[in-house]
Amino acid sequence: MTMPVRAALYLRVSTGRQAENDLSIPDQRRQAKGYCASRGWEIVAEYVEPGLSATDDRRPEFQRMIDAATTKPPAFDVILVHSFSRFFRDQFQLEFYVRRLAKAGVRLVSITQELGDDPMSNMIRQIMALFDEYQSKENGKHTLRAMKENARQGFWNGALPPIGYRIVEASEQRGHRTKKTLEIDPVQAETVRLIFRLAREGNGSSGPMGVKSIATHLNASGIRTRDGGRWGVDAVHKVLTRTSYIGRHRFNTKFWKTRERKAETEIVEMAVPAIVDAEEFEAVQMLLKSRSPAMIAPRIVSGPTLLTGICFCAACGGAMTLRTGKSGRYRYYTCCTKARQGETGCPGRTVPMEKLDNLVAEYIEQRLLQPKRLERLLSHVLDRRTERAERRKSHIAELRKRATEADAKLKRLYDAIENGVADLSDPLLKDRIGELMATRDQARLDAERAEEAIDRAGPTITPQTLKTFARTARKRMRTDGGGYRRDHLRAFAQRVEVDQKELRIIGSKSVLLRTLVAAESAKTAGFGVPSSVPKWRARRDSNSCPLDS
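From a predicted model like this one, the values you see are computed outputs, not experimental measurements.

(A) Seen up close, the pattern of salt bridges. A complete count under the given rule lists 20 salt bridges for this structure. Between Arg166 and Glu183 there is a salt bridge, with the nearest N and O atoms lying 2.6 Å from each other. Of this pair, Arg166 sits in strand β5 (residues 165–174) while Glu183 sits in strand β6 (residues 177–184), placing them 17 residues apart in sequence. Overall, Arg166 belongs to the partly exposed group, its relative accessible area being 29%. Asp407 is the salt-bridge partner of Arg440, the closest N and O atoms lying 3.1 Å from each other. Taken together, the residues Arg440 in helix α15 (residues 427–456) and Asp407 in helix α14 (residues 371–418) connect sequence positions 33 residues apart. The buried category is assigned to Arg440, whose relative accessible area is 15%. For Asp407, a relative accessible area of 31% gives the class partly exposed.

(B) Region of the structure containing the nonpolar core. The biggest cluster of nonpolar side chains holds 33 residues, and the ones touching the most others in it are Phe196, Ile214, Leu218, Trp231, Val236, Leu240 and Tyr245. Of all the secondary structure elements, the ones that give two or more residues to this core are α7 (186–201), α8 (211–220), α9 (233–241), β8 (268–271) and α10 (278–291). In terms of residue count, α7 provides more of this core than any other element does, seven residues in total. Excluding residues that lie within four positions of it along the chain, Phe196 makes contacts with Val239, Leu240, Tyr245, Val276, Glu280, Phe281 and Val284. Judged by nonpolar contacts, the second largest core, of 32 residues, contains Cys335, Ile364, Leu489 and Leu503.

(C) Examining the confidence of the model for the protein more closely. In the predicted model, the protein carries a mean pLDDT of 78, and 79% of its residues have values of at least 70. This stretch, residues 298–303, has a pLDDT under 50; its non-local contacts, to residues over four places away or in other chains, come to 11 contacts. Every residue in residues 538–542 scores below 50 in pLDDT, and together they form seven contacts with partners more than four places removed in sequence or on other chains.

(D) Representation of the packing of helix α3 (residues 60–70) against helix α5 (residues 91–103) within the structure. Where α3 contacts α5, the two axes come as close as 9 Å, and the packing angle between them is 30°. With respect to their mutual orientation, α3 and α5 come out roughly parallel. Every pair of crossing elements has a handedness; the one defined by α3 and α5 is left-handed. For the pair α3 and α5, contact is made by Phe62, Gln63, Ile66, Ala69 and Thr70 and by Tyr97, Arg100 and Leu101, respectively. Across the contact of α3 with α5, the residue classes tally to five nonpolar, two polar and one charged.

(E) Examining the pairing of strand β11 (residues 330–335) more closely. As defined by bridge partners, strand β10 (residues 320–325) adjoins β11 across six bridges and the pair is classed as antiparallel. Within the sheet, the bridge partner assigned to Gly325 lies in β11 and is Tyr330. Direction of pairing for β11 relative to strand β12 (residues 350–352): antiparallel, over a ladder of three bridges. What sits directly across from Tyr333, in β12, is Val351.

(F) Up close: the packing of aromatic side chains. All told, the structure shown has 13 aromatic pairs when counted by the stated rule. A centroid spacing of 5.9 Å and a plane angle of 70° characterise the contact between Tyr10 and Phe62, whose relative ring orientation is edge-to-face. Of the two residues, Tyr10 sits in strand β1 (residues 6–12) while Phe62 sits in helix α3, which places them 52 residues apart along the sequence. For the residue pair Tyr10 and Phe62, the accessibility class agrees, reading buried in each case. With centroids separated by 5.1 Å and ring planes inclined at 85°, the aromatic side chains of Phe62 and Tyr97 adopt a geometry described as edge-to-face. Of the two residues, Phe62 sits in helix α3 while Tyr97 sits in helix α5, which places them 35 residues apart along the sequence. One exposure class covers both Phe62 and Tyr97, and it is buried. In textbook terms, an aromatic cluster arises when at least three aromatic residues are bridged by ring pairs, as seen for Tyr10, Phe62, Phe87, Phe88, Phe96 and Tyr97.

(G) Broad picture of a nonpolar patch on the surface. Together, Leu115, Met120, Met123, Ile124, Ile127 and Phe131 make up a nonpolar patch on the protein surface, roughly 540 Å² of accessible area in all. Along the chain, Phe131 falls in helix α6 (residues 119–152).

(H) How the structure looks around α5. Between its first and last C-alpha atoms α5 spans 19 Å; for 13 residues at 1.5 Å apiece the expected length is 18 Å, and the two agree. Residues of α5 that are buried include every one of Gln91, Gln93, Leu94, Glu95, Tyr97, Val98 and Leu101, and no others. In the stretch just after α5, Gly105 is the one whose phi turns positive, near 85°.

(I) Region of the structure containing unusual backbone geometry. With omega at -5°, the peptide bond leading from Lys72 into Pro73 counts as cis. Its place among the elements puts Pro73 in the loop between α3 and β3 (78–81).

Calculation notes
- Residues numbered from 1 in each chain as written.
- Predicted model: local features only at pLDDT ≥ 70, side-chain atom pairs only at ≥ 80, totals over all residues.
- Heavy atoms only, no water.
- Salt bridge = Lys/Arg side-chain N within 4 Å of Asp/Glu carboxyl O.
- Helix = DSSP H or I, 4+ residues; strand = E, 2+ residues; numbered from the N terminus.
- Buried < 20%, exposed > 50% of the residue type's maximum accessible area, 1.4 Å probe, protein only.
- Core = buried A, V, L, I, M, F, W, Y, C linked by side-chain atoms within 4.5 Å.
- Contact = heavy atoms within 4.5 Å.
- pLDDT = per-residue confidence, 0-100.
- Axes fitted to C-alpha atoms, helices over the stretch in contact; angles between N-to-C directions.
- Parallel < 35°, antiparallel > 145°, perpendicular 65-115°, else oblique.
- Left-handed = near helix turned anticlockwise from the far one by under 90°.
- Nonpolar A, V, L, I, M, F, W, Y, C, P; charged D, E, K, R; others polar.
- Pairing = 2+ DSSP bridges.
- Phe/Tyr/Trp six-rings, centres within 6.5 Å; stacked < 30°, edge-to-face > 60°.
- Patch = residues over 30% accessible without salt bridge, like charges linked within 9 Å, V, L, I, M, F, W, Y side chains within 5 Å.
- Areas by Shrake-Rupley, 256 points an atom, 1.4 Å probe, with all protein chains shown as cover.
- Expected span 1.5 Å × (residues − 1).

Take a look at the structure:
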């Protein structure tokens, strides 16, 4: 007695929407069963792949089917598909797997494209596969074009949004599809703001924190990621470098298969609500660059010379490096270009180290560390600090309201259960209670963290505060031996430019304010090598100082 042909059905649709709506798979199954019945084949297995592309072999059911077909003996004799495009839309891959199956004694058969095993049939199958591959690429190109235009118009294309945002339905509807947009998630957005605050200001007892320190701080504080996991260096770095948080979400940045970056001309910016200020974002980017070993050598951070890494030649922009004479008895700052190439390369100055150190330190003491001068420099920053505190208070009120609403909904559910209106064994009810409890607890936790952030911001800065700070800072900059405390000086000056006739000192208002708040709070200011963004030099000559010949 002849054994019937054993067949395995492979059913696939390309998108999740097709799988959810059950558009194609039932029809493929119906036609496959009719085909097998008409030939007396026995269906021994069925492999269903909902919502996966056929451009590669990264498909769980597909791999399970191939494993079953290539074992000895194979689990079936034929793999039946509706068309060869259901199996693969890549000509090379299709031929590879057809030949692999043939070695195991298993044939690939299409319901709508019946072919034999002769050379002519093999050539026709290869031509069909080429057309399928071309059609797949064309469809992908048109789909991507539509998605890019969708993003340009401010609509979300359906991926998981960045942390701090949630997907909502837009008021606009086109055809049977409702457009989606992003809005700020008030709970998760506070975590994003905290990460930027830690990167720029620290936690109140330190200076700006690095990516690893931020991840450690978040995990130690019990702050989890959106899915409840622990924070890692990569996740924190993505938050700090994502332009989405200043209202510019970048779409189509990478090839989805290789993860290689695309050209800037292919990237589309989508407008989204901003979570942090552009100024704060740029300041954090400069801080990240300033800590990168690729940008600044470790010796600049830990070396003993007072102005190493912050002193530059005004003529060519090159660094002023240390040179010695008379077996080290004399030490000078000199332009590195001039030192290598002579005056033909750059006519920059060579200045005795002690003289330049004294000029910088004395100028900061006599001009910057004066209460009136500090008040003028920091007036705008202090105003922004007050505005941010008010914004945080408003955010805390929103979080408290969110927690109260969730608590009220829970109470109504409990009342419904007690009155017999709702059944506690209903799994949907349990899920809803868990969701509301998580929302309430997270909102309360975020509100408490936001209140702690206001407390950590430090006391109100008054004229007396500025006077006391200036007097104390002048004392602390000097060491007992007559030199200068390097870290203290760098809290006020982050770049020194040496010209032929003048010296320009450049600093950062945010670093100066952080130092002031830390001193007023009687905490140790986290001095390091801050950003060299020119912020408190109001005009070219405001901090210029004559350089003696």
